[in-house]
Amino acid sequence: MPEPTEQAPPPEANEQAPPPEGNAPAEAEQELEKTELTGLFLEKPDNTVAIAGKDVVFVAKVDASTLVRKPTMKWLKGKWLDLGSKAGKHLQFKETYDRNTKVYTYEMKLVKVVPGDAGGYRCEVTSKDKCDSCTFEISVEAAEQEEQQDILSAFKRADAGEDEGDLDFSALLKATKKKKKPQPQIEEIDVWELLKKAHPSEYEKIAFQYGITDLRGMLKRLKKMKTVEPKVSDAFLRRLESAYSVEKGKKIVLSVEVVDPNVEVKWLKNGQEIKPSAKYIMESNGNIRTLTINKCTLADDAAYECVIGNDKCFTEVFVKEPPVTITKLLDDYHVVVGEKVEFEIEVSEEGAHVIWCFEDQELSREDKTGRYRFRKDGKRHSLIIQEAMLEDTGMFFVYTNGGQSKGELIVEEKELEILQSIADLTVKSAEQAMFKCEVSDEKVTGKWFKDGKEVQPSDRIKITHIGRMHRLTIDDVKPEDAGDYTFVPEGYALSLSAKLNFLEIKIDYVPRQEPPKIHLDVSGNMVSQNTIIVVAGNKLRLDVEISGEPAPTVTWTKGDKAVAETEGRMRVESRTGLSSFVIEGAEREDEGNYSITVTNPAGEDKANLFIKIVDVPDPPEHVKCTGVGEDCATIIWEPPKFDGGAPVKGYLMERKKKGSSRWTKLNFDVFEGTTYEAKRMIEGILYEMRVFAVNGIGMSAPSLNSKPFMPIAPTSEPTKLTVEDVTDTTCSLKWLAPEKIGAGGLDGYVIEFCKEGDTEWQVANTDLVERQSYTVRNLPTGEKMNFRVVAVNIAGRSPPAVLSQPVTVREIMEHPKIRLPRHLRTKYIRKVGETINLVIPFQGKPRPVAKWLKDGEPVDPKKVGVRSSNVDSILFIRSAERDHSGKYTLVLQIENMEDQATLDIRIVDKPGPPLAVKVTDVWGFNAALEWKPPKDDGNCEISGYTIQKADMKTKEWFTVYEHNRRTNCTVSDLVMGNEYMFRVFSENLCGLSEDPSLSKNTATICKTGLECKRAPFKEKDVNAAPKFTTPLVDRSVVAGYSTAISCSVRGFPKPKIIWMKNRMIIGDDPKYLMMNNQGVLTLNIRKPSTFDGGKYGCMAVNDLGKDEVECTLEVRVMAAEKKD
């Protein structure tokens, strides 16, 4: 929908657009609310009416004193068109920053405004989580065209001299015109007034009389000049306004006033009739008809009509959408290849339009790859990547019309994590052996190998894969099954190995009485003598073979406590020749010394074991941030109190933005130290960290979150540190702000000094200095001192800016020198009443003493004001008088040294009148005057005189001469029989004298005998033979497209025109149309074909002769037609 063009300036961005006067009752106006702004703007662009072809500049100022980072400004046209991409010759942008006031100034300049620039604009500023916006309108008006002083000159011949009023049709066909020579204008007649009052049948006569040859142009201009009376509506007393504006969610009232109070009206929206409802309320109150639209949405942005019978009125309603802000920012993600990533934000309005971008490329739903999916759920908007790839690593951005956010995605190659490795097994004949392992990815497959050869499944050997668990089961174990078994995951360069030991039972001759014997073989679980290691949570089954006759009695003990349970988590299972000690789900409390004792009548045997329970370590402790940088932070922590029974291999770190629930991994390989520098962070954002400890068993629970910290870097060092001035006890320094300030801003500066050779720096200022200059005081005279300046912000001190060499603290004697400005080296002239303010700069050390003298005497302080500083002296006169004129001398003294400068000031005024004006001689129509210069010349040279005359009858004064430099003159062209008096004004730089000087006598012009001899009238012969002033021109045209050939002829009497083709006269052929317009001859040929090509001629014949012209017409056929 096009932008509205309103007669009155549109409302401000923070105001509800009021309905037109009388459109709604006062209650409706009171319900309109104002939009609350955040207050970032100090100055907003105003609504402007621009002149087409001229430049216009819009200025917006933003207060950055409360912002932690530099604001971002966008200029928009309409709702979404970003003008930043349109920058060029026509559209220019400028940005400046005042470090003293901390104000950003943004300018948008439209060069040579065109009508297409009209419409609604918006500028919005964002900084972190703050935003503000304002709207303004641009209306474009056409430039006013200056009327030509001589209207007829556009239609007359340019070089005809006295005959310029004759008809000259050749001027219509010429490409350029020459400027006509200026002729004295005898009488001014408004020909357009004559044409507007005349009947159309008289137009040609009037044009001929006043030399207008372009009749067609005259008629077009006359049509534009005629006023068209506005059409008066028979049904409406007051129509709808051209456009209305309303904020989203508010209501608006459309109102008309009708002639007939009983008439029925219809309301239409985009051509469709509106039915009454809770949203659309139609009311009739006398002659007033109103349509109220409640809770306006973007769907109400449309064209509306009010219809009464065949009469209707139109308007457009524009719904302004408030800026949509982002209430929940994007999180960072750290994932591996193939993982799902879901970026999510929350906005302030439901149904808002958002734009997703990857780096600098916009993401759209029409993406052919289909890798990105977009989801909108109320205020939540999500970007989903089903399977992340390495090329997805980078920054993702999301934009609304009121803010933006960004999140970083880091994608790394997938690494397989071993959750449970396979263990060595020792089994006996005919028993079952099961190798099992657990990996982190349940989709991973693998192969089993025995002694380097792949294991193939069979009835006795089974290979299973359920979820993340991989098992190799061997039933009815045989001696040949013993060996090294390996599991290799497909696609990964790692393997898991274990050994299968076959326990061979030898049966020897046993006497009837055999002492008991414990055959303990736990080589697969032992790490040292009689020590068994068990992972917490795993099952321990210790099968101990026992021999002895008779069968011995078995007793298991932990420490001094016997373990006799046959059921439960810790139990003992017994069968012939075998005793099994089982612990289900080993815990840390199960660690300790265990013993097995076997006894029978023949004796006793005992074995001691130490079972060690290993587990994941405890979380690390006291995680905290010790230092920050621009995009990094240093984190330290303490090792866990309990390492889980296995040495800690290292640590894994994670971070997240404060308020977010999404943690991002910082390292995939374990980090061995307890101090880590986290990088690739966003300056100005609060983060939290946590740490995991890793040992051979696994990864601990996360540590407690660190306190929130914000990456902020100190500024760079101040630049261009220089010495401005040195005295016996002070040194003045100045510098420029650091080149890089960052999100931490700049709080102020610290100035430090020390003696040459010392290393201890002393602080010169107790409080931070905000300005970029400072004077260090109370310095020892004659010492050489070093100085440096440090910038300070919330992140700390910047590197110092140091002077390249030490400064000697001693006053430098400098001769006084007055720097007199160039315009004061000559006579300085001012008018009475003007203000004089002269600034005279000088130099010299120590501070010079300045004195002012006028004509050798000290100036009067009551008349002249004087003020002096270290570097200049000011002479001030509030209102200049004549007596202020004279020579003013500035004397500058330092001890016995002196310098002077003299100014010649002259105050001028209007002169007095001339003296002794008299008429000295009268002859014919002339009179001679003389006078003397005035006594008071106004303090400057008399530049001339103005002489005026008046006859004694009318007493009206007329100027005869201006700027007459002599004291006499001759007045000519006086009227016979009249008596004249004269007066003279003096003139100087200030203008004419207040009063004139009248002549003491008068001049009388006497009558004499005169005879008027008229020149005899000679009639001009206008008869002429035909003559072509513009010939026919050869032409080449395309077949099927109508064309015309033209020429112009002059002659009197009016000649007869004959058109010919190939020397044959063209008759009344309807293919040809012949026209004669005031001597301009045109032959129109309708849709010519190749047959119509040839020689065309035009002959003009009258009684005095004839003339003829010819041309060649070529008819071409287009290439496509030839092919057909």
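Cut-offs applied
- Residues numbered from 1 in each chain as written.
- Predicted model: local features only at pLDDT ≥ 70, side-chain atom pairs only at ≥ 80, totals over all residues.
- Heavy atoms only, no water.
- Helix = DSSP H or I, 4+ residues; strand = E, 2+ residues; numbered from the N terminus.
- Buried < 20%, exposed > 50% of the residue type's maximum accessible area, 1.4 Å probe, protein only.
- Contact = heavy atoms within 4.5 Å.
- Areas by Shrake-Rupley, 256 points an atom, 1.4 Å probe, with all protein chains shown as cover.
- Pairing = 2+ DSSP bridges.
- Axes fitted to C-alpha atoms, helices over the stretch in contact; angles between N-to-C directions.
- Phe/Tyr/Trp six-rings, centres within 6.5 Å; stacked < 30°, edge-to-face > 60°.
- Salt bridge = Lys/Arg side-chain N within 4 Å of Asp/Glu carboxyl O.
- Core = buried A, V, L, I, M, F, W, Y, C linked by side-chain atoms within 4.5 Å.
- pLDDT = per-residue confidence, 0-100.
- Patch = residues over 30% accessible without salt bridge, like charges linked within 9 Å, V, L, I, M, F, W, Y side chains within 5 Å.
- Lys, Arg positive; Asp, Glu negative; His and termini not counted.
- Charge placed at Lys NZ, Arg CZ, Asp CG, Glu CD.

### Re the overall build of the protein
For step 1, the next point in the chain: Scanning the protein from terminus to terminus reveals five helices and 88 strands.
For step 2, the next point in the chain: A total of 1124 residues make up the protein; the buried ones form 39% of that total.
For step 3, the next point in the chain: When contacts within the protein are restricted to residue pairs at least 6 apart in sequence, those whose partners lie at least 24 apart make up 64%.
For step 4, the next point in the chain: Surface summary for the protein: the accessible area is close to 65,600 Å², and the carbon and sulfur share equals 49%.

### Some thoughts on the sheet that holds strand E62 (residues 814-818)
For step 1, the next point in the chain: The strand order across the open sheet built from four strands is E62-E64-E68-E67, with neighbouring strands paired in antiparallel fashion. A strand with exactly one partner marks an edge of an open sheet, and here the two such strands are E62 and strand E67 (865-868). Each adjacent strand pair in this sheet contributes to an overall mean axis angle of 15°, direction not counted.
For step 2, the next point in the chain: Here E67 runs beside strand E68 (residues 872-877); their pairing, made up of four bridges, is antiparallel. Paired with Val 866 across the strands is Leu 875, a residue of E68.

### Structural notes on the packing of aromatic side chains
For step 1, the next point in the chain: The final tally for this structure, using the stated rule, is 20 aromatic pairs.
For step 2, the next point in the chain: Between the aromatic rings of Trp 75 and Phe 136, the centroid separation amounts to 6.3 Å while the plane-to-plane angle is 80°, which identifies the pairing as edge-to-face. Remark: Phe 136 occurs in strand E9 (residues 130-141) and Trp 75 occurs in strand E4 (residues 72-77); sequence separation between them is 61 residues.
For step 3, the next point in the chain: A relative accessible area of 6% places Trp 75 in the buried class.
For step 4, the next point in the chain: Aromatic pair Trp 735 and Tyr 749: ring centres 5.4 Å apart, planes at 70°, arrangement edge-to-face.

### Notes on the pattern of salt bridges
For step 1, the next point in the chain: According to the stated counting rule, one finds 45 salt bridges in the structure shown.
For step 2, the next point in the chain: Of the charged contacts, one joins Glu 408 and Arg 680 as a salt bridge, the two residues approaching to 2.5 Å between their closest N and O atoms. Placement of Glu 408 in strand E27 (residues 403-412) and of Arg 680 in the loop between strand E51 (675-678) and strand E52 (687-695) is noted, with a sequence separation of 272 residues between them.

### Topic: the sheet that holds strand E65 (residues 849-854)
For step 1, the next point in the chain: Taken in spatial order, the five strands of this open sheet run E63-E70-E69-E65-E66, and their pairing is mixed. The open sheet has two edge strands, strand E63 (828-831) and strand E66 (857-858), and neither has a second partner.
For step 2, the next point in the chain: Here E65 pairs with E66 via two bridges, running antiparallel. Each residue of the ladder has a partner; that of Lys 854, found in E66, is Glu 857.

### Digging into the nonpolar core
For step 1, the next point in the chain: Counting 24 residues, the largest nonpolar core has Phe 41, Phe 58, Val 62, Met 73, Trp 75 and Met 108 as its most contacted members.
For step 2, the next point in the chain: Counting residues per element, the ones that place at least two in this core are strand E3 (56-63), E4, strand E7 (103-110), strand E8 (119-127) and E9.
For step 3, the next point in the chain: When residues no more than four places from it in sequence are discounted, the contact partners of Phe 41 are Ala 60, Lys 61, Val 62, Met 73, Cys 123, Val 125, Asp 132, Ser 133 and Cys 134.

### Concerning the confidence of the model for the protein
For step 1, the next point in the chain: Per-residue pLDDT for the protein has a mean of 83; in total, 88% of the residues score no lower than 70.
For step 2, the next point in the chain: Within the protein, no element has a lower average pLDDT than helix H1 (residues 26-30), which sits at 38, and none a higher one than strand E73 (residues 944-951), at 94.
For step 3, the next point in the chain: Considering only residues more than four positions removed or in separate chains, one finds that residues 1-37, a stretch of pLDDT under 50, has 73 contacts.
For step 4, the next point in the chain: A low-confidence stretch, residues 146-186 (pLDDT under 50), is modelled with 52 contacts involving residues beyond four sequence positions or located in other chains.

### Here's the deal with a positive patch on the surface
For step 1, the next point in the chain: A grouping of Lys 817, Arg 819, Arg 822 and Arg 825 is seen on the molecular surface, where their side chains present a positively charged patch.
For step 2, the next point in the chain: Tracing the backbone shows Arg 819 in the loop between E62 and E63.
For step 3, the next point in the chain: Look at Arg 819 and you get partly exposed, because its relative accessible area is 45%.

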